Structures are given as structure tokens and as C-alpha cells.
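Overview (structure and organization)
For reference, the chains in residue letters:
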Amino acid sequence: MTMFLDMILGRKRVLVKANERVLALYKGAVLGIFGAGEHSLPNRRGLLELERHDMNRPVFASAYEKPLFDGLPEVAQRELTVIRTTAREIAVVERDGELYTVLAPNQKLVVWNAAGPWTEARVDLTERLDIDPELMRRLTRARRTELTTAFLVNDGQVGLLFVDGTHQRMMEPGMHAFWNVGKTIQVRVVDLKRQSLDVTGQELLTRDKVTIRVNISAEYRVADPLKAVSDVKDFADALYRALQFAFRQTLGTLTLDQILERKVTVNAEAAEKVRADMAAIGVEVSAIELKDVILPGEMRDILNQVVAAEKQAEANVIRRREETNATRSLLNTAKVMAENPVMLRLKELEALEAIACKVERLTIHNGTAGLMNDLVQLRDK
């Protein structure tokens, strides 16, 4: 009966579920938004149109958004919340206490009030680009970091913040996050700890026209981070080239023998110039030293031959010295025996004892008085 009556009156009953909202249009005009329940709506000649919205999808997306707000602003305000950002704003939108989304500048979001409650926090990008650490953690957990940039500065380092190419400030160790919309954010991380720089395999020509390769080492630390990154493109490369030039100046004035005979380092004038040049860009250089001298293969062979000849000559000198000392000792012994008959007899007895230990029988003629002058007959068993 009810359905028959509705047909006569040109109406239609529409059932809306608890998790739904229905946007109705009649004769092409917005009729209204209807919540949970049964509604009798005009439908003459079938001109009623229905657009159902699931509250589990809280964003209001409809081709009839503008007609709704223009024609029925009270209904739109009752059912919907509009969040809009300006050109210099970011909006952090929460739904029932949970972070829902982040709106970039010049964006709009329309959500169903029934899917809320909704809250928003706006950030004015003209005042600050930093993101509160707690907010950054929430953005990370919600996987809403597309509008952010994060930088880590470790202990012993300093971060230099540049916005659109202009230095803003230095950053202490820790995690730092920024909104990256509308501006270019750069952070240069500079290590402040003392470091070592090695310049290896540098070829140079000595004063006596020998080509050698050297390894150089220097210790340095960054004293002024802003100068170090602003005055030169790469301060480590600048130090590298300064060391190259200083050692070429020093070693190029020495012969190969001079380089090998003593531990050569860069001369004081060249070292001071390196330190002064690097101090001007905020880098403090301490120790500078030559670590290795590497000779060409043929030069190593020649030097090895020279060293071998020198060692052989030293061995010959030592051998002759020992022979001379032995001869001198024998001469002194002979002199003592000639001047002391008792000493001569003792030597004879020592010789006799040494011989007697090696044979079984020893026959001595004419007694021991003429032992060194008469025949000593040795006869085996």
C-alpha cells in the first residue's frame, strides 16, 4: 500500500545505512544529504539521482561539491569539513587523535564530519621550516614524510643549513627535519675531528733528473666549518693540491742521494705557506711529512748493486783488519817466547798435551829439553 501511495505521489523510499550518507539530486538540482534511516524523496518521472558515500572512506569526493556548497551551504557545513591551505601554509590533519594526512600549500581537503572528529594544525612556512621531533616521529609512523626532509648529524660533526642556497645556521649533533615545500633545503655535514689526508703516488723529478714517486701525509681538522664549505668547493681537495705543490718545491731542489740519506720533510717556508693558505679557508693543518719514496725498477736494481758493493767492501775491510790483528798477535807471542824461555817451554808442553790427546802413543827422543828442536815421532798403535 505504501509503495503504491509513493508511486501515486511520485516519491521513492530510500534506505540509508548507518555507515552511509546519500547525496540526492532531483531534476538535476541538489536536494540534500541524508543520513541513516528511511527517507521518502521525490521521484516524478524517475528524475531522482542518488550518490552513496561510505563513511569508511572519509574524504568527500563528488562532482556535485560546488553545487552543494553554493546551493545548500547550511547542509554542507553540517555534514562536511573543508580544510584549505594558503600558498605559505602546511596543514597537519588528524582524525580522532591519529595523524591522517598532511596538506601541502594551496591544497584543499573535504571530509565527512561523521567520519571524525577532525583537527588540524597549521604551519606557517614564512616563520619556520623546522619540524618538531615528536611530530616527525608521528609522520614517520604514519608514512606521511613526502613533504619532509631529514638529516642526521653525528657526534663530532656539525651541520650547516642552507635554504635556497643561503646559509641559515649551524646544527648540533642529532636528527633534524624540515618541510621541503616551496624552498630548497640543503645540509652540509662537516666532520670536526682530526683527520689524516694521504697524497699517494706523486711523481716528481729530483735535481739530478731522477723520476721518483712519493707518498705524503698530513693531519688536519676543520676549525671554521662555514668558511671550509663556502670559500672553496672541496677543502680536502684544496689541501691535497697544496701538499702536492709544497713537496714538488721541496724535493725538486734535492738530489736523490740527499732525499735517501736523510728523512726529508717539506721545508719550513713551504709548510708555513700550506698552513696559512688552509687557515684562510678555515682548515687547521698540523703534521706534514713524507712517508715513502718509491724508485723506478731500474733505479732500484742499480742502488741494490751499489749497496751490495759497499757491503762487500766493508766485509773485505773487516776481514783484512781481523787478519792484521791475528798476525800482530802472533808476532807479539813470538817476541814474548824469545825473551822468556820458561814461556817457550810452557808452549811446548801445551803443544805436546794437544798432540797426546789425539794419539795412543807418543815417543819423545832426547827428553823434553829439546822438544821443539829434535824429532818428535808419532806412532799409532
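Here, every reference points to the structure presented above.
Below or above, wherever it landed, is the structure these notes cover. (Residues numbered from 1 in each chain as written. Predicted model: local features only at pLDDT ≥ 70, side-chain atom pairs only at ≥ 80, totals over all residues. Heavy atoms only, no water.)

1. Regarding the overall build of the protein
Counting its regular elements, the protein contains 10 helices and 20 strands. Residues counted as buried form 33% of the 381 residues belonging to the protein. For the protein, the share of sequence-separated contacts (at least 6 apart) that also reach a separation of at least 24 residues comes to 61%. Accessible area for the protein stands at about 23,700 Å²; split by element, carbon and sulfur atoms hold 51% of it. (Helix = DSSP H or I, 4+ residues; strand = E, 2+ residues; numbered from the N terminus. Buried < 20%, exposed > 50% of the residue type's maximum accessible area, 1.4 Å probe, protein only. Contact = heavy atoms within 4.5 Å. Areas by Shrake-Rupley, 256 points an atom, 1.4 Å probe, with all protein chains shown as cover.)

2. Thoughts on a positive patch on the surface
Taken together, the side chains of Arg-11, Lys-27, Arg-44 and Arg-45 present a region of like positive charge at the surface. Looking at where Arg-44 falls in the secondary structure, it is placed in the loop between β4 (37-42) and β5 (48-54). (Patch = residues over 30% accessible without salt bridge, like charges linked within 9 Å, V, L, I, M, F, W, Y side chains within 5 Å. Salt bridge = Lys/Arg side-chain N within 4 Å of Asp/Glu carboxyl O. Lys, Arg positive; Asp, Glu negative; His and termini not counted. Charge placed at Lys NZ, Arg CZ, Asp CG, Glu CD.)

3. Some remarks on the sheet that holds strand β16 (residues 195-205)
Pairing within the open sheet is antiparallel, and its 3 strands lie in the order β16-β17-β18. Each edge of the sheet is formed by a strand with only one pairing partner; in this case those strands are β16 and β18 (283-294). Strand-to-strand twist in this sheet, taken as the mean axis angle between neighbours without regard to direction, amounts to 20 degrees. Across 9 bridges, β16 lies against strand β17 (residues 211-222) in antiparallel orientation. (Pairing = 2+ DSSP bridges. Axes fitted to C-alpha atoms, helices over the stretch in contact; angles between N-to-C directions.)

4. Some thoughts on the packing of aromatic side chains
Enumeration according to the criterion identifies 3 aromatic pairs in this entry. Seen from their ring centres, Tyr-100 and Trp-118 are 5.2 Å apart, and the 85 degrees between their planes marks the pair as edge-to-face. With a gap of 18 residues between them, Tyr-100 in strand β8 (residues 98-103) and Trp-118 in strand β10 (residues 118-124) connect regions that are remote in the sequence. Owing to a relative accessible area of 22%, Tyr-100 belongs among the partly exposed residues under this scheme. Centroid distance Phe-151 to Phe-178: 6.2 Å. Interplanar angle 55 degrees. Geometry classified as tilted. Of this pair, Phe-151 sits in strand β11 (residues 148-153) while Phe-178 is found in strand β14 (residues 174-179), placing the two residues 27 residues apart along the sequence. A residue is classified by how much of its surface remains accessible, and Phe-151, at 18% relative accessible area, is buried. (Phe/Tyr/Trp six-rings, centres within 6.5 Å; stacked < 30°, edge-to-face > 60°.)

5. Let's talk about helix α8 (residues 268-279)
Counted at 1.5 Å a residue, the expected span for α8 with its 12 residues is 16 Å, and the 16 Å between its end C-alpha atoms agrees. Among the residues of α8, those classed as buried are Ala-270, Ala-271, Val-274 and Met-278. Looking straight down α8, one finds its buried side chains confined to an arc of 100 degrees; they lie on one side. Residues of α8 that are exposed and point over 90 degrees away from its buried face: Ala-268 and Glu-269. Looking at the buried positions of α8, the neighbouring elements they touch are α6 (235-251) and β18. (Expected span 1.5 Å × (residues − 1). Arc of directions from axis to C-beta.)

6. Side note on empty space enclosed by the protein
Taken as a whole and assessed by the stated rule, the structure comprises 1 cavity of 30 Å³ or more. Approximately 30 Å³ is the volume found for the largest cavity. As for the largest cavity, its lining consists of Gln-202, Glu-203, Leu-204, Ile-216, Gln-244, Phe-247 and Arg-248. For the lining of the largest cavity, the secondary-structure elements that each account for two or more residues are β16 and α6. For the lining of the largest cavity, the per-class residue count stands at 3 nonpolar, 2 polar and 2 charged. (1 Å grid on protein atoms, 1.4 Å probe; cavity = no way out; pocket = protein on both sides within 12 Å on 5 of 7 lines; lining within 4 Å. Points joined across faces, edges and corners; volume = space filled by probe spheres on them. Nonpolar A, V, L, I, M, F, W, Y, C, P; charged D, E, K, R; others polar.)

7. What to know about α6
Over its 17 residues, α6 runs 24 Å from end to end, which matches the ideal 24 Å to within 8%, given 1.5 Å per residue. Looking at α6, one finds that the buried residues are Phe-235, Leu-239, Ala-242, Leu-243, Gln-244, Ala-246, Phe-247, Thr-250 and Leu-251. For α6, the N-terminal cap is Asp-234; the gap from its side-chain oxygen to the backbone nitrogen of Ala-236 is 3.0 Å. (Polar contact = N/O pair within 3.5 Å; in protein donor to acceptor, adjacent residues only side chain to side chain.)

8. Describing the pattern of salt bridges
Evaluation of the coordinates by the stated rule reveals 17 salt bridges. Across the pair Glu-38 and Arg-13 runs a salt bridge whose closest N-O atoms are separated by 3.9 Å. Linking Glu-38 in strand β4 with Arg-13 in strand β1 (residues 11-16), this pair joins segments that are 25 residues apart in sequence. What makes Glu-38 exposed here is its relative accessible area of 54%. Glu-134 is the partner of Arg-137 in a salt bridge, and the nearest nitrogen-oxygen pair spans 3.1 Å. In this pair, Arg-137 and Glu-134 both sit in helix α4 (residues 133-141), 3 residues apart, roughly one turn of the helix. Arg-137 gets classed as partly exposed once you look at its relative accessible area, which sits at 46%. Relative accessible area serves as the criterion here: at 36%, Glu-134 is assigned to the partly exposed category. Each of the salt bridges in this network shares a partner with another, and the network as a whole consists of Arg-21, Arg-78 and Glu-79.

9. Section: the side chain of Arg-21
Note on placement: Arg-21 falls in strand β2 (residues 20-26). Judged by relative accessible area, which is 15%, Arg-21 ranks as buried. The contact partners of Arg-21, leaving out residues within four places of it in the chain, are Val-16, Ile-33, Phe-34, Gly-35, Ala-36, Glu-51, Arg-52, His-53, Met-55, Glu-79, Trp-112 and Ala-114.

10. Some remarks on the layout of surface pockets
In this structure, the largest pocket spans a volume of roughly 160 Å³. As for the largest pocket, its lining consists of Asp-130, Ile-131, Pro-133, Met-136, Arg-137, Ala-150, Arg-169, Met-175, His-176, Ala-177 and Phe-178. Secondary-structure elements contributing two or more residues to the lining of the largest pocket are α4 and β14. The element contributing the most residues to the lining of the largest pocket is β14, with 4 residues.

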